[in-house]
Every structure is written in structure tokens, then in C-alpha cells.
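In case you want the letters, here they are:
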Amino acid sequence: MFACLHGTGNLAAVAFDFSPMVERTLLDTVTCDVDGLDRLYGSAQELAAAMARRAAETGVPAAIALAANPDAAICAARGFPGVILIPQGDEAKFLGALPVSLLGPSAELQVTLERWGIHRFRDLAALPPLGIAERLGMEGLRLRELARGEAERKLVPLDEPPRFEEELDLEYPVELLEPLEFLLARLLNGLATRLATRGLATNELRLSLHLENRATHERTLRLAAPSLDGKSFLKLLRLDLAAHPPAAPVVRIRLGVNPVKPRAAQGGLFVLAAPEPVKLGLTLARIQAMVGEGKAGCPELLDTHRPDAFRIPKPGDPGKPGPRVAKTAPWDSGPSSFVLRMFRPPRIARVTLDSGHPSFLTAEGIRGRILERAGPWRTSGDWWTAGAWSRDEWDIALSDGVLYRIYCELRGWFVEGSYD
Amino acid sequence: MGAVVLQKQFESLLGGHLGWQAKPVAETVPSGVEEIDLAAGGLPRGCLTEIVGASSSGRASLLVSILAKATARQEFCALVDAEDSFEPHSAAAAGVDLPRLLWVRCGHSAEHALRASDLLLEGGGFGVVALDLGDTPARNARRISLTSWFRLRRAVEHTPTVLIAVERQSNAGTSASLVLELSRERAHWTGGAPECARLFGGMRTAIVIGGRRRQGLTPLSVRCKDLALVIGDRQHCPRGAKSAPWDSGVSPQE
């Protein structure tokens, strides 16, 4: 199935919204291959209606025709106004009333046809092919094929770099998020459809809001995996805008996506299904809206000896290989690591010393005599930078039976956490 | 007519007890502690398991062991940390594959932790979702309504996720399928004087396994068994970062 758009304006942009195979047939005519779009749009009538809607939205006045071969679609679009759909096999019947001059014959051939009284497609289509070949040659045969709607050829694709961006100038400034969502949904739907027609997905959304105070509010959302789920994109944008609202009413919206190949993954037969990336991104966005940005993610150990050194990278950040950690099971009978529960921030402590060793501890929610202790373990690092650190650590058992790690640095004593 | 009579009539019509209400027994996964797996049969999927105990009773070590085992099975895990107390270095040393662990730091809010757990369970795809209320004050944890626990139980039902709650005391009531109650017995210190030559050598903890509510129609059967386990030694220098203890450690005055 081929579609042809005949009119003025950026016809190619409209065609590219539906198909990557677009031919610029003439200056005012564009043809595209719309085969296989039935899964996205349903029947050919619905596709034709969607193309007409899209052309109207982008302000491109165009006649649209859909037919089984490109030349029949071109003739119909150039000959009839509005939207026309030619069923396969009925091309000659539909095109019969069109003037022969639409086929663009040479001047000599045009005169000959007029002299013969051939004015319409149906007149030319009714002539015998052998007689035409004898009298008009190959050009005559070609015109007869076109008039019957039987010509077959390949499109010459237009090599135009695709830009997946949508813009919308608003008639009046939008202050509230809810009306803004409706507009974003419209832009996202258009972009998602364009990506889908090219078999692409996206892993990045770029939103640029031009504000009434001439400022620009820009947000970039990176997804963990490429996706094409417009509804999820809209929810992500809504959560992000709720967390980072624009400072003034919006007068213009620009939304762009980064086109990438869709994610192809095969799950293991005996492995539990992993969280679906876009759904997980949405869940994380909801959680971060609640607990704060940067408070949810996969922890990454930093390659330093500084205590409690880790980071939670943002989604889409390339992870750095962490330091090698000797792995041991905490419940093995052999030597192993012991799990510490951190107090963040560390609790300020008052420690009574007995012969230079801690003997009594008081801190927020903690008070007791120190029954057992091991230490001090002296650690230091980063002395070559401004962030130098140095401390003495003790492992202690209080009279209430709880085991703590305390440390002493220049600022005083602190309880770092409890062993659990 | 009573439900029991109706049930008997229905069963007699069908030719005997067919177990028509019985649900399949929940699949279990190993916890990483052989004794617990032998005594309790592992941790049930699609159910809530409570790990309760006082501070320093080994709750975090058991949780980390479960996470390490789950990530070793290539499962994705989520840890909802109500008090921001998770220590990634000890977890990595205990075998947790950190890229497979989603850590949610709730900044001392049990309410946020509950909502985050609910969202994660709703999203699905996790092998283990752990809700750590271990450092939450007991009075705050007690304020969590039974409805909230019931909601979590319903959210995890019919999913392959193991839901774990770490608390000071059991609060979930009948919503919990398995309760592991830990209590510290004694700590082991190795080496003698001076103190700089001593090492915190481990801890002995007792575990009481209580199955408050079994899956399916099986009546509530409380099967307790005391276990005495030794949690491993403290490895003070996990990455070789720390120097040997110093005899002449300078300690500031109080």
C-alpha cells in the first residue's frame, strides 16, 4: 500500500511521520510506502484519516490518496481533492475520469492523443496495447499502464535525516500542570508514532519549556532501557515536572527524543523475570518523588578507603567498576565480615576514658558501661588532598549487650553504628 | 445450614474430600543459613517473613545472607531501608551483588518505607523485597496498622517475591507466614591483653522459628525450634585498608 500527498508545505515531514520510505515525486507531491501500518492504525480508512488529521495538525493543506501502487496513488492525489482510498483492482475504475494531461505526456504525444479524441484515462485504458505499441511506442504503452493503474515500480527514497522533535506554540500561557499534561500527551503520541513507524524506540526525553518570563526550563529524562511506551513517558514527565515545576507560565513547548534501536532481550527459562525497565523507572520516579532525588538506586562502592564511601548513580549514568571486595558469607564458620548497621549521621558521643581506654559511653539513645572493647584501629587517608581524614576505631560491647563501633577523630567521639 | 454441612454435602456429592479449597504449597528459597533452611524449609515465595530481634542479634547479617543468596541466583532484590542504616561495604563483602540490589533510603520514615515497599511489590519482578525497620523505634513500628501489613501480604501473594520485614518485634500478626525470632546470646572476643591485640570474634545467637500462618488450609501450626548459631568473625580490614591496632593509640580526652 502506498500513500501520496499532493499540496503545499512540508509534505515530507508529514510522510515521515508515517513511513521511513518517502519519495519526493514532484515539488508538490510526496509518496510513501505505508505497508504494514495496519497494526498501528487498523484499516486503510483509519490510516487515511490519521494522515489527514496529521496534515491538518501540522498546517499542511494536502490531498491524500492511498492505492496499491505508487503511480495510482500519485494520479489520484493529483487528480482528486480531499482523501481518497482506491481498493486494489479498482484502479482503472477510480482513475477513469481523470484527464490524460495529468500523466505528463510529451507535447507531440499530447497532440496526437487530442487528435484521436483521447481525453480521459478511461479512453486511453480502453485502447489495445498492440496498436498503441505500433503507433506510439514505449511511451504510449507506459501511459496506458498508468491510466489503467497497473504500473509497478520501486520508490526512490528521500534521504532526509529524521529529527524526532515536536514543538507547540501556545495561544495563551499555561500555568497548571494538568493542561500542560494534555499538550505533552499530544506531542508524545506523535513522537511515539513516528518512532514506531521506523521500528525505533527511545532512551532519552528532552523537554524544553519556554516561559513567559523569557527563561527556558529544560529537563532531560534518561531511561534505563529503550522503550516506546508513551503512557509511561507521560507519567515520568508528570512526576518530574511535579518535582521540578517551571518558575513561570509556559508559552512554548519543545519535546525531543533520542531515537535508538529497541531493546531485544531474552529471559532465562529458570531465572526469575527481572523488573520491566520502564515500569521500574516509573516506580523509581514515584519513590524518588516521595523520599527525595538520589535516594533510590543501586549502590556503587567508591575506590577509596574512606569509611562509608559509596554513591548511588543516576539512571543512565555509566557505572564505574568498584573496588574488589573479598567475599565471605556472614554465617560461615570461618572468618567472615560482620554486618554493620550505620547511624547516618554518626551520633555524637561522650566517652569516659579509663587509662586511655573507653570505659563509659553516652550518646543519643545509647548509655552504658563498656564491658568489652577491642582497638584502637587507626585509619587515615586522602592526606594529599583537602579532604584528609584520620580516626581511631573501637569495637565495644555495652552493658546492655549491644555491640557498637565507635571512633574518635579531631572533632571528638562518634558512634558509627551497631553490629547486627 | 452451616458452611461445614454444605461443604460435607458437596464433598460427598463429588465422592469424597477432593481438597478443592487447598492452595498449592508455596515454593521456598534458601536463606543462606543451612540450619534455618533445614528447620523452616526455607523462605516462602509470595509470603511475608518477619525477622525480629533486638539490636546486635544478627538480623542484618541474616538479611544480608538472604540478599547474597538471592543475587547469586541472578534475582533482583530491593531493600527498603527505613532508617538509612544499610552498609554496602559489609554487604558486598558478604556476597551481595550490589548491581542487582535496589536500595531505597527512606530517611527515617517508616511510612515512606511502607509506601515504597508497596510500590515495589506492585511493580513486580523482584526476587526479594526487604523492608528494614530494624532501627525504627518500637513505638513507631507498633503504630503501623495491621491493615498496612495485610495490604503488603496481599500485594506479595501470587507473586514469586519473598517479602521480608526486619523489626525489633513482630508486628505483622497473622499476615506473616514465617517469623524468625533472633536473640543474642554472647559475643566472642579473641586475644587477650592488651586491648589493641583483641579482636571482636563473632556472636552467638539463638533463633526461634515460628510459622504463624501456613500457606493454604493447613491449620496454624507453631513449630518452634531453638537454634544456636555462631555468626562469623568480624573481619576488621575488609579491603586491607586498615593498619594493625596500635599500642599507643592517641585517644582524645572526653
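All values derive from a computational prediction rather than experimental measurement.

1. Some details on the sheet that holds strand β15 (residues 366–381) of chain A
Residues and elements named next belong to chain A. The six strands are arranged β13-β14-β15-β16-β17-β18 in a closed barrel whose pairing can be described as antiparallel. Between one strand axis and the next, the sheet turns by 45° as a mean value, whatever way the strands run. Bridge count between strand β17 (residues 403–409) and strand β18 (residues 412–419): six bridges; the pairing is antiparallel. In the strand pairing of β18, C408 is matched with W413.

2. Some points on unusual backbone geometry
Across the junction of R344(A) and P345(A), the peptide omega takes the value 0°, indicating a cis bond. Mapped onto the fold, P345(A) is located in strand β13 (residues 340–354). A positive phi is found at H158(B), a non-glycine position, where the angle reads about 60°. Tracing the sequence through the fold places H158(B) in the loop between α7 (146–156) and β7 (162–167).

3. Points about the nonpolar core
Here is a general trend for soluble globular proteins: nonpolar side chains tend to be buried in one another's company. Core analysis: the largest hydrophobic core is formed by 119 residues, its most contacted members being I406(A), L67(B), V80(B), V104(B) and I164(B). It is helix α3 (residues 59–72) of chain B that provides the largest number of residues to this core, a total of eight residues. Residues lining this core come from more than one domain, with at least three contributed by each of domain 2 (161–263 + 277–319) and domain 3 (340–419) of chain A. Other than its neighbours up to four places away in sequence, V80(B) contacts V104(B), C106(B), A113(B), A116(B), S117(B), L120(B), A130(B), L131(B) and D132(B). Counting 43 residues, the second largest nonpolar core, distinct from the first, contains F2(A), L11(A), A15(A) and L113(A).

4. Things to note about the domain arrangement of chain A
You'll often see interface size given as the accessible area lost when the parts meet. Considered domain by domain, chain A is made up of domain 1 (2–148), domain 2 (161–263 + 277–319) and domain 3 (340–419). For domain 1 of chain A and domain 3 of chain A, the distance between their C-alpha centroids amounts to 84 Å.

5. Things to note about the confidence of the model for chain B
Residue and element names in this part refer to chain B. Mean pLDDT for chain B: 78, with 77% of residues reaching 70 or above. Within chain B, no element has a lower average pLDDT than strand β10 (residues 226–231), which sits at 48, and none a higher one than strand β6 (residues 128–132), at 95. Scored below 50 in pLDDT, residues 232–254 shows 67 contacts in the model against residues more than four places distant or in partner chains. Prediction confidence for the complex, expressed as pTM and ipTM, is 0.71 and 0.78 respectively.

6. Description of helix α3 (residues 44–57) of chain A
Residue and element names in this part refer to chain A. The first and last C-alpha atoms of α3 sit 20 Å apart over 14 residues, in line with the 20 Å expected at 1.5 Å per residue. Those residues of α3 not exposed but buried are A44, L47, M51, R54 and A55. The buried residues of α3 all sit within an arc of 100° when viewed along its axis, so they share a single face. Opposite the buried face of α3, by more than 90 degrees, sit the exposed residues Q45, R53 and A56. For α3, the elements touching its buried residues are β1 (2–7), α1 (11–16), α2 (38–41), β4 (62–67) and β5 (83–85). Just downstream of α3, G59 is the residue with a positive phi angle, here 70°.

7. Notes on helix α5 (residues 110–123) of chain B
Residue and element names in this part refer to chain B. Compared with the 20 Å implied by 1.5 Å per residue over 14 residues, the 20 Å span of α5 between its first and last C-alpha is a close match. Three or more residues of α5 are buried, namely A110, H112, A113, L114, A116, S117, L120, L121 and G123. G124 sits one or two residues past α5 and shows a positive phi near 75°.

8. With respect to the pairing of strand β8 (residues 216–227) of chain A
Residue and element names in this part refer to chain A. Where strand β7 (residues 201–211) meets β8, eight bridges bridge the pair, whose relative direction is antiparallel. Its bridge partner lying in β8, T202 is registered against S227. The hairpin formed by β7 and β8 contains four residues between the paired strands, and R214 there has a positive phi angle of roughly 70°.

9. Side note on the sheet that holds β7(A)
Residues and elements named next belong to chain A. Pairing is antiparallel in the open sheet, where four strands are placed in the order β6-β9-β7-β8. Only two strands of the sheet have a single neighbouring strand rather than two, namely β6 (165–174) and β8. Strand after strand, the sheet turns through a mean of 15° between neighbouring axes, direction not considered. Strands in contact with helix α9 (residues 177–197) are β6, β7 and β9 (250–260); relative to β9, the strand with the most contacts, it is inclined by about 30°.

10. Some words on the packing of α9(A) against helix α10 (residues 230–243) of chain A
Axis angle and axis distance: for two packed helices, these are the angle between their axes and the distance between the axes, and together they describe the pair. Residues and elements named next belong to chain A. At a minimum axis separation of 10 Å, α9 and α10 run at an interaxial angle of 145°. In the packing of α9 onto α10, the handedness of the crossing is right-handed. Contact residues: α9 offers L177, E181, L184, A185, L188, N189 and A192, while α10 offers G230, F233, L234, L237, R238, L241 and A242. For the contact of α9 with α10, the residue count by class is 10 nonpolar, two polar and two charged.

11. Side note on the packing of α10(A) against helix α11 (residues 277–291) of chain A
Residue and element names in this part refer to chain A. Two elements in contact, α10 and α11, have axes separated by 10 Å at closest approach and are oriented at 15°. Comparing their axes, α11 and α10 come out roughly parallel. In this structure, the crossing between α10 and α11 has a hand that is left-handed. Only V278, G281, L282, A285, R286 and A289 of α11 make contact with α10, whose side of the interface consists of S232, K235, L236, L239, D240, A242 and A243. Here the residues of the contact of α10 with α11 sort into eight nonpolar, two polar and three charged.

Cut-off values and rules
- Residues numbered from 1 in each chain as written.
- Chains lettered and ligands numbered in written order.
- Predicted model: local features only at pLDDT ≥ 70, side-chain atom pairs only at ≥ 80, totals over all residues.
- Pairing = 2+ DSSP bridges.
- Helix = DSSP H or I, 4+ residues; strand = E, 2+ residues; numbered from the N terminus.
- Axes fitted to C-alpha atoms, helices over the stretch in contact; angles between N-to-C directions.
- Core = buried A, V, L, I, M, F, W, Y, C linked by C-beta atoms within 7 Å.
- Buried ≥ 20, exposed ≤ 12 C-beta atoms within 10 Å, placed from the backbone.
- Domains from an automatic or database assignment.
- Contact = placed C-beta atoms within 7 Å.
- pLDDT = per-residue confidence, 0-100.
- Expected span 1.5 Å × (residues − 1).
- Arc of directions from axis to C-beta.
- Left-handed = near helix turned anticlockwise from the far one by under 90°.
- Nonpolar A, V, L, I, M, F, W, Y, C, P; charged D, E, K, R; others polar.
- Parallel < 35°, antiparallel > 145°, perpendicular 65-115°, else oblique.

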